[in-house]
Amino acid sequence: MSTVTQQIDITPVTPPDVPAISALAREIWQASYPGIITQEQIDFMLEQRYGHERLYDDLEDADKWLDQAFVGDRRIGFAFSEIYKGEFKLDKLYIHPDMQRQGVGGALIAHVAERAKKLGYPCVILAVNKRNEKAIGSYRKYGFAVREAIVDDIGGGFVMDDYVMEKKL
Ligand SMILES: CC(C)(COP(=O)(O)OP(=O)(O)OC[C@H]1O[C@@H](n2cnc3c(N)ncnc32)[C@H](O)[C@@H]1OP(=O)(O)O)[C@@H](O)C(=O)NCCC(=O)NCCS
């Protein structure tokens, strides 16, 4: 892989960032998920997870952390993490298509893993679509292994057909 030559800056998402994060999510999802899930499911999940009100609520939640990555002035990705059922979960990790495979995802995973470690958690978990081979490859590279397969009803007639992966700290 190549690496980003400029420095990657990771900062917390704040309320004024919400519209840009929501728009970036749509751009990345549209580039990533057709062929993995239907357009109807993409639209449903974007509204459910990246609607502005939902993101403002997430920012107020003491058990959630929203991090964003910049190269210079350009916002190129984000990682959301949270305490989920007593475990530390990397809930979202998205890098702009033209900045993928340059180490940005790895930098955000390291940032989130450091937080989990400081808080005393033994591992970081995540859920990834079973057909998302690029992401699964990336997670393996950074030390995650599959723990279990799950099918989760997310409403609207849709399910998430995922692997739960775990990285020991
Ligand atoms: C998955 C993702 C977060 C990884 O972030 P990234 O910055 O691209 O990853 P890194 O550069 O740190 O790591 C690269 C590794 O990811 C995997 N990978 C990333 N893009 C890939 C591609 N197009 N083809 C094959 N493998 C790929 C490889 O294992 C790669 O390692 P290598 O380059 O040494 O072979 C990013 O590609 C992304 O946002 N993808 C689309 C959205 C998505 O699927 N998010 C995860 C949802 S659970």
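Our subject in this report is the structure included herewith. Within any chain, residue numbers begin from 1 and follow the written order of that chain's sequence. Only residues with pLDDT of at least 70 are given local features in this predicted model, and only at 80 or more are side-chain atom pairs given and counted; all residues enter the totals for whole chains, interfaces and linings. For side-chain calculations, the full set of non-hydrogen atoms in the structure is used, while hydrogens and water are omitted.

With that out of the way, let us pick up the nonpolar core. If you look at the biggest cluster of nonpolar residues, it comprises 24 residues, and the most contacted ones within it are Leu-90, Leu-93 and Tyr-139. Runs of H or I in DSSP of at least four residues are treated as helices and runs of E of at least two as strands, each being numbered from the N terminus. Looking at which element gives the most residues to this core, the answer is helix α4 (residues 104–118), with six residues. Setting aside residues no more than four positions away along its own chain, Tyr-139 makes contact with Leu-90, Leu-93, Ile-109, Leu-126, Val-128, Phe-144 and Met-165. Of all hydrophobic cores here, the second largest spans 22 residues; its members include Ala-25, Ile-28, Leu-55 and Ile-154. Within this scheme, the nonpolar core is defined by two criteria: the residues are buried Ala, Val, Leu, Ile, Met, Phe, Trp, Tyr or Cys, and they are joined through side-chain atoms within 4.5 Å. Partly exposed describes any residue whose relative accessible area lies between the buried limit of under 20% and the exposed limit of over 50%, with all areas from a 1.4 Å probe on protein chains only and scaled to the type maximum. In what follows, a contact means two residues having at least one pair of non-hydrogen atoms within 4.5 Å.

Between side chains of opposite charge, a pair can form as their charged atoms come close. What counts as a salt bridge is simple: a side-chain nitrogen of Lys or Arg found within 4 Å of a carboxyl oxygen of Asp or Glu. Tallied over the entire structure, the rule returns 13 salt bridges. Asp-91 is the partner of Lys-89 in a salt bridge, and the nearest nitrogen-oxygen pair spans 3.8 Å. Given the relative accessible area of 13%, Lys-89 is considered buried. Take Asp-91: its relative accessible area is 23%, and that puts it in the partly exposed class.

What follows is about the pairing of strand β6 (residues 145–155). Relative to strand β7 (residues 158–168), β6 runs antiparallel, the two being bridged by nine bridges. If you follow Glu-148 over to β7, its bridge partner there is Val-164. A pair of strands is considered paired only if DSSP assigns at least 2 bridges between the two.

The next subject is the sheet that holds strand β3 (residues 74–84). Spatially, seven strands are ordered β1-β2-β3-β4-β5-β7-β6 in an open sheet, and the strand pairing comes out mixed. The open sheet has two edge strands with one neighbour each: β1 (8–12) and β6. Sheet twist, expressed as the mean angle between neighbouring strand axes with direction ignored, is 30°. By the bridge criterion, two bridges tie strand β4 (residues 87–95) to strand β5 (residues 123–129) in an arrangement that is parallel. Along β5, the bridge assignment pairs Lys-89 with Ile-125. Relative to the sheet, helix α1 (residues 18–32) contacts β2 (64–71), β3 and β4, its axis offset from that of β3 by approximately 95°. Relative to β5, helix α5 (residues 133–141) is tilted by about 165°, and along the sheet it contacts β4, β5, β6 and β7. Only the stretch in contact is used when a helix axis is fitted, and all axes are lines through C-alpha atoms; the angle between N-to-C directions ranges over 0 to 180 degrees.

Here Lys-92 shows up in strand β4. On the accessibility criterion, Lys-92 (4% relative accessible area) is buried. Under this definition, polar contacts are N or O atom pairs within 3.5 Å; protein pairs additionally need one hydrogen-donor-capable and one acceptor-capable atom, and for neighbouring residues in sequence, both atoms have to be side-chain atoms. A polar contact is formed between the side chain of Lys-92 and the side chain of Asp-91, at a distance of 2.8 Å. With residues near it in sequence (within four places) discarded, Lys-92 still touches Arg-49, Tyr-50, Phe-78, Ala-79 and Phe-80.

For this purpose, a residue is taken to be near a molecule or strand whenever a single non-hydrogen atom of the residue falls within 4 Å of it. Around the ligand sit 23 residues in total, of which Arg-101, Gly-103, Gly-105, Asn-132 and Tyr-142 are the nearest. Take Gln-100: an N or O atom from its side chain is 3.4 Å from a nitrogen atom of the ligand. Side-chain polar atom of Tyr-142 to an oxygen atom of the ligand: 2.7 Å apart, as the coordinates give it. Protein burial of the ligand: of its 910 Å² of free accessible surface, 84% is covered by the chains. Broken down by secondary-structure element, the contributors of at least two residues to the shell around the ligand are β4, α4, β5 and α5. The leading source of residues in the shell around the ligand is α5, at six residues. Areas reported as accessible are Shrake-Rupley estimates using a 1.4 Å probe. Residue values count occlusion only from the protein chains shown.

Moving on: the packing of helix α2 (residues 39–50) against helix α3 (residues 52–60). The N-to-C vectors of α2 and α3 enclose an angle of 40°; their axes lie 5 Å apart at closest approach. Judged by the inter-axis angle, α2 sits oblique to α3. From α2, Gln-48, Arg-49 and Tyr-50 reach across to α3, where they touch His-52, Arg-54 and Leu-55. Under the grouping applied here, Gly and all other residues not named as nonpolar or charged are polar, the nonpolar ones being Ala, Val, Leu, Ile, Met, Phe, Trp, Tyr, Cys and Pro and the charged ones Asp, Glu, Lys and Arg. In terms of residue class, the contact of α2 with α3 is built from two nonpolar, two polar and two charged. The labels follow the angle: roughly parallel below 35 degrees, roughly antiparallel above 145, roughly perpendicular from 65 to 115, and oblique for the rest.

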